[in-house]
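A look at the structure
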Amino acid sequence: MLGKFFKKPESPDSERTPPGQYLTKGFPVLTYGNTPRVNADTWQFRVWGLAKEKTFSWADFMAMPQHNFTADFHCVTRWSKLDVQWTGVKVTDFMKLVEVDPKAAYIMEHCYGGYTTNISMDDFVREENFFAHTLFGEPLPPEHGGPMRLVVPHIYAWKSAKWINGLEFLSQEELGFWERNGYHRRGEPWAEERYSY
Ligand SMILES: Nc1nc2c(c(=O)[nH]1)N[C@H]1C(S)=C(S)[C@@H](COP(=O)(O)O)O[C@H]1N2
Ligand SMILES: [Mo]
């Protein structure tokens with residue numbers, strides 16, 4: 001695995017690289033199954049469950065405040081990429097438009113293609129989390145989740161759902177695709193919360 005593409009982090013990057021991770025300069029694609037092809041003009045995003053049901057269009061997202069983000073990206077399969085540059089919408093801005101039931105404590109992220117992943121409200125509603133439609137100044141490529149993905153920098157990247165199209169608000173924690181298949185329910189990289197066994 002080490003060699004041309006992956007290297008052991010050297011200072012000062014080592015302080016920013018969680019234990020057991022290796023740095024990559026490229027940006028590997030990690031997808032279970034096929035890459036869904038979704039156009040921005042037909043893309044829709046729905047919230048339901050313990051939130052007032054509502055569907056957002058691409059135009060709705062473009063009308064929200066847009067920000068640039070620089071964030072590190074950590075995959076549980078041990079590669080990390082530092083300083084990824086994105087553009088998109090803060091989760092905290094989006095959530096101002098959602099009427100959430102106070103009993104909602106967990107979320108299931110849903111995607112085109114059927115992928116799911118669970119996250120707690122506390123891990124989701126954070127200033128540094130965002131929906132991304134642009135990667136290094138270019139429209140987010142389909143293989144990286146375009147037209148829109150979630151990015152949750154403080155958790156392993158399997159929670160950063162590609163082709164995201166909905167949030168289901170829940171009172172109890174339910175497990176998403178990888179979490180049902182042995183990944184940790186939370187996945188905090190600095191604590192190496194990789195697997196549940
Ligand atoms: N819909 C969907 N989202 C997904 C995945 C997936 O297979 N399907 N893979 C996850 C995993 S394991 C990782 S590491 C990141 C990889 O993102 P990238 O392919 O842009 O590097 O996306 C996450 N989001
Ligand atoms: Mo991953």
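Rules behind the numbers
- Residues numbered from 1 in each chain as written.
- Chains lettered and ligands numbered in written order.
- Predicted model: local features only at pLDDT ≥ 70, side-chain atom pairs only at ≥ 80, totals over all residues.
- Heavy atoms only, no water.
- Near = heavy atom within 4 Å.
- Polar contact = N/O pair within 3.5 Å; in protein donor to acceptor, adjacent residues only side chain to side chain.
- Areas by Shrake-Rupley, 256 points an atom, 1.4 Å probe, with all protein chains shown as cover.
- Nonpolar A, V, L, I, M, F, W, Y, C, P; charged D, E, K, R; others polar.
- Phe/Tyr/Trp six-rings, centres within 6.5 Å; stacked < 30°, edge-to-face > 60°.
- Helix = DSSP H or I, 4+ residues; strand = E, 2+ residues; numbered from the N terminus.
- Buried < 20%, exposed > 50% of the residue type's maximum accessible area, 1.4 Å probe, protein only.
- Pairing = 2+ DSSP bridges.
- Axes fitted to C-alpha atoms, helices over the stretch in contact; angles between N-to-C directions.
- Core = buried A, V, L, I, M, F, W, Y, C linked by side-chain atoms within 4.5 Å.
- Contact = heavy atoms within 4.5 Å.

1. Some remarks on the site of ligand 1
The local shell around ligand 1 holds 20 residues, among which Pro28, Tyr32, His144, Arg149 and Lys162 are the closest. A distance of 2.6 Å is found between an oxygen atom of ligand 1 and a side-chain nitrogen or oxygen belonging to His144. In the environment of ligand 1, an oxygen atom lies 2.7 Å from a nitrogen or oxygen atom belonging to the side chain of Arg149. Protein burial of ligand 1: of its 530 Å² of free accessible surface, 99% is covered by the chains. The residue inventory of the shell around ligand 1, partitioned by class, reads 14 nonpolar, 3 polar and 3 charged.

2. Some remarks on the packing of aromatic side chains
Summed over the entire model, instances satisfying the criterion amount to 27 aromatic pairs. Seen in terms of ring centroids, Phe27 and Trp86 are 6.2 Å apart; in terms of plane orientation they differ by 80 degrees. Their pairing is edge-to-face. Here Trp86 lies in strand 6 (residues 79-90) and Phe27 lies in the loop between strand 2 (22-24) and strand 3 (44-49), a separation of 59 residues in the sequence. You'll find Phe27 and Trp86 in the same group, each marked buried.

3. Some details on the sheet that holds strand 7 (residues 106-111)
Pairing within the open sheet is mixed, and its 5 strands lie in the order 4-3-12-7-8. The sheet is open, and its two borders are formed by strand 4 (54-57) and strand 8 (116-120), each paired with just one other strand. The mean angle between the axes of side-by-side strands here comes to 20 degrees, regardless of whether they run parallel or antiparallel. Bridging between strand 3 and strand 12 (residues 164-170) involves 4 bridges; their strand directions are parallel. What sits directly across from Gly49, in strand 12, is Phe169.

4. Overview of the nonpolar core
In this structure, Phe45, Phe61, Phe94, Phe124, Phe131, Leu167 and Phe169 are the most contacted members of the largest nonpolar core, which totals 35 residues. Broken down by secondary-structure element, the contributors of at least two residues to this core are strand 3, helix 2 (58-62), helix 3 (91-95), strand 7, helix 4 (121-124) and strand 12. Residues in contact with Phe131, not counting those within four places in the same chain, are Phe45, Phe61, Thr87, Gly88, Val89, Val91, Phe94, Phe124, Met148, Arg149, Leu150 and Ile164. Listed in part, the 14 residues of the second largest apolar core include Cys75, Trp79, Leu135 and Ala157.

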